[in-house]
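# Coordinates in review
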Amino acid sequence: MGKSISEVGMEDLVRAGVGEEEAKWLMAELKAAIAKVGFSQKELWREVTARKLLKPSHPHPLHQLLYYSVYHNYHNGPPLYWFPSLNESRYTNLGRIMEIHCPKLFRASYEDPISSFKEFQRFSVQHPEELPIHFLEAPKCILDFSDKSKRGGNWLPGSVLNIAESCVRSSNYSNKQDDCVAIVWREEGNDDKEVNCMTLKQLREQVMMVANALDNMFSKGDAIAIDMPMTVAAVVIYLAIVLAGFVVVSIADSFAAQEIAVRLRVSNAKAIFTQDSIVRGGRRFPLYSRVIEAAPFKAIVIPATGEDVQVQLRNQDLSWKDFLASVSHLPRPNYYFPVYQSIESVTNILFSSGTTGDPKAISWTHLSPIRCTADSWAHLDIQSGDVFCYPTNLGWVMGPVLLYSCFLTGATLALYHGSPLDHGFGKFVQDAGVTVLGTVPSLVKTWKSTGCMKGLDWTRIRMFASTGEASNVDDDLWLSSRVYYKPIIECCGGTELSSSYIMGSLLQPQAFGAFSSATMSTGFVILDEDGRPYPDDQACVGEIGLFPTYMGATDRLLNADHEKVYFEGMPTYKDMQLRRHGDILKRTIGGYLVVNGRADDTMNLGGIKTSSIEIERVCDGADESVLETAAVSAAPPNGGPEQLAIFVVVKEGMNISPDTLKKRFSRAIQSNLNPLFKVRWVKIVGMLPRTASNKLLRRVLREQWKQHVQIQSKL
C-alpha cells in the first residue's frame, strides 16, 4: 500500500526520477514542512504545495510519491489537494457579493466567504441582475408560482430581451468595451505564428452582417442547423441566428449522415451551415458529403482552409463567400436591430447523446444562457480579463455554455481550430495566455500517457474545469501538478438543466475527482432504495432527486413527454415533486460528492449494490499497464448472482495477459471495495465504445458480456 511520508527517504526520491542534489534539497524542505505543521495530512499537503516543492517539470512519479505518501491511510473523506486563500476569496465574483450582502443577510453569524459559503448556498436564489443582461422589458419578479402547471415556476416572467445582443454589446458592468479582445484563435499547423485576435466591435459587426444575410433568405422563427467544428465562423453564425430571431439546431460534426438526418427531421430545420471538410493533423475528413446525404434543403458551406470551398456544391447550396455577398448592397450591412422576444422563446435545440432511439430534442430559451453563465460566474469565477478555452463543439452542451460564459462576463473566448490531442493545442493554450482551461477526463488521460504537453508553460492557468465523465484521481494529480496544484473544478449537469447541479468552488477546499457543493440556488436530496431522502449531513449512496425550482431547467421536449421523462414515478419531498436526473451520487465523510454513474450503471454483486465507476476507479490503478477500464455485470441465463467482467485498454507497448490482470483486479477490488467481489472475466480491447460526446457505452459492453455468459452456459 506504499509508504507514509515519515518513511520516505532519499533513495525513494531518487527512484522517483530526481538527481541526488535535488533529492537532498527536497528532503530538507520536507523536514522543514513537517517541523512547521507536523503530520496532519491536510496541513502537510497544504504546506508542500504552498512552498512549491513540487514543480511542473518534476517527473510524475515524484508527484505521486509525495501525494500518496502524505495521504497514506487517510480515512476522513477524499484527500484535499487545494485550499482557498481567505484574501483571494474576497476577490472572487461570489466572494465580492457575499462581502457586500451577507453581513446584512446573516448579521453576526457571517464570518467570511469561505466560512459562510455553505450557508450562503442554502440561502441562495439566482439574481440575474448581477450579470450584464440587457432587457428591453425587465422581469416583473425573479420567480412566479402562479401558473401551477409549471412545476419549477416561471423565472423572470414578463421579461423581453435578446440574449445574443447582450453577448455582442459593450458593458461597463463587466468592463467589456468595443476594443476588448472577444476571441483569440489559431489554426492547427500554425503553431509558431502569432495568435489571431478579434475585438468585440469586430465580432458584433460580423454577427450583424450574418444576421442581415439570414433575413434575406429565411422566415422568422425558422430552425437553422450548425454542423461544423467550433471555429470563429461557427460562433459568429450561432450568435447571428439567435440575434435575428431564428433557432439554432446544434449538431456535432462527428455524426454520420443518418444521425444528422434524424436531428434535422426532429427539429424541422430549414437550412444548415457546415464546412467542406474537417482538417485534423494535416488530413482532410469529409463533412459536406455527409451533410448533403442527410439534408435535401439549403446548405451554406464554409471553407475549412482558405477563402474558397474545395467541393462541388449542389444548385441549392451557397458558399460562405456568396452568402455574405448577398448583403453587400445594403448601406449598413454590419448593422442590425436585434429581434426581441419573451424569455421563454426558444433559441437553440440541442440533443441528448441518443444511444437508443431518437435522441431527446431539448429546447434552450433566452433563460438557459443566463443559468449556465451564472454557474460559470459563481463557481468558475469567470471574469473580465480571463481567457477561457474548452475544446468542445456547438453540438454538445459545453459549446453554448462556453460561448455564453465568455461573452456575458467579458472574458475572452479561446478557440483552437484543430485537434486538442497534440502538442499544438497545448502550445496554443500557452501562447494565448489561457487562464481557465476546460477538459474531459479522457483528454487528460491522453495528454498524460503520450507526454505531448511536455515543456510547455501553462502557469498562467488559474484553474481547470472538468466535465463529461468521471475523473481519474491520478490523471487529475498529473493535470493539477502542471500548474503548481491549481484547482480542477468538477462540473456535472446536463443539457436539459442548461448547466451543472453540482460543482467545485473556489471558496471551498477541493479534492480530486469530487464535487464540493450543489451549484448556487440548486437543491437536491439523495434517495435510498425506497425513495426516501437521506439526512443532508449523512454519508450515503443513492439516486439524486432535484428540487423542481431549478432555474434554466427545461419544461418541454420536442419529441418526448417531458412530464414522463423527468417527473413520473419520482417521490415527493416537502410538497415538491422531485425532478429525475438519473445520477447515482455518493456523499462522503466531510460532505464531498462523487458521481457513481447512472442509475442504470449500478450492479448487484453478491447482494451488494455498487457502481461501475467505483470498480473502474480501483481497477484503473491496479496495474501500471492499464490505460482505462470499463466494468459491467450480467446474471447467468438460468439465474443466479451477477458476474463481473472488466474490459481493459492497456497502454501502448505494454504486454500483459488477461489472467494476470484478472488476479490484480480481484486483489485490488477485494482490498479497496469488498472482499466478496470477484472478477469473473477480463478482456483486453483496443478501445472502449463511446458516444460522439465521449460518454462510455457500457450498454454495448454489457451485451457482449451477456452473450459470452450465454455461450459459456451452453458449453
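These lines cover the structure that appears in this document, whether it is placed above or below. All figures in this text were calculated on a predicted structure; none of them were measured in a lab.

The subject of this paragraph is the overall build of the protein chain. Broken down by element type, the protein chain carries 22 helices and 36 strands. Relative to its length of 715 residues, the protein chain is compact, with a C-alpha radius of gyration of 26 Å against a globular reference of 27 Å. When the backbone C-alpha atoms are referred to their principal axes, the protein chain occupies close to 75 × 70 × 60 Å. Counting all 715 residues of the protein chain, 57% fall into the buried class. Sequence-distant contacts, at least 24 apart, represent 67% of the contacts inside the protein chain between residues at least 6 apart. When the accessible surface of the protein chain is summed, it comes to about 29900 Å², and 50% of that surface belongs to carbon and sulfur atoms. Taking the average place of the 74 positive charges on the side chains of the protein chain and the average place of its 77 negative ones, the gap between the two points comes to 2 Å.

This paragraph deals with the packing of helix H17 (residues 441–450) against helix H18 (residues 473–481). Relative to each other, H17 and H18 sit at 70 degrees, their axes nearing to 9 Å. As judged from the angle between their axes, H17 and H18 are roughly perpendicular. Crossing geometry of H17 relative to H18 is assigned as left-handed. Every residue of H18 that contacts H17 at Val444, Lys445, Trp447 and Lys448 is listed here: Asp474, Asp475, Trp478 and Leu479. Considering only residue class, the contact of H17 with H18 consists of four nonpolar, no polar and four charged.

To continue, consider the nonpolar core. Core analysis: the largest hydrophobic core is formed by 171 residues, its most contacted members being Ile183, Phe407, Trp447 and Trp458. The element that contributes the greatest number of residues to this core is helix H10 (residues 232–243), accounting for 12 residues. Contact partners of Trp458, with chain neighbours within four places excluded, come to Gly426, Val429, Gln430, Leu437, Trp447, Met453, Phe464, Leu479 and Val483. Among the nonpolar cores identified, the runner-up in size contains 19 residues, and Met603, Val648, Leu661 and Val682 belong to it.

Conventions used here
Residues numbered from 1 in each chain as written. Predicted model: local features only at pLDDT ≥ 70, side-chain atom pairs only at ≥ 80, totals over all residues. Heavy atoms only, no water. Helix = DSSP H or I, 4+ residues; strand = E, 2+ residues; numbered from the N terminus. Rg over C-alpha atoms; globule rule 2.2 N^0.38 Å. Buried < 20%, exposed > 50% of the residue type's maximum accessible area, 1.4 Å probe, protein only. Contact = heavy atoms within 4.5 Å. Areas by Shrake-Rupley, 256 points an atom, 1.4 Å probe, with all protein chains shown as cover. Lys, Arg positive; Asp, Glu negative; His and termini not counted. Charge placed at Lys NZ, Arg CZ, Asp CG, Glu CD. Axes fitted to C-alpha atoms, helices over the stretch in contact; angles between N-to-C directions. Parallel < 35°, antiparallel > 145°, perpendicular 65-115°, else oblique. Left-handed = near helix turned anticlockwise from the far one by under 90°. Nonpolar A, V, L, I, M, F, W, Y, C, P; charged D, E, K, R; others polar. Core = buried A, V, L, I, M, F, W, Y, C linked by side-chain atoms within 4.5 Å.

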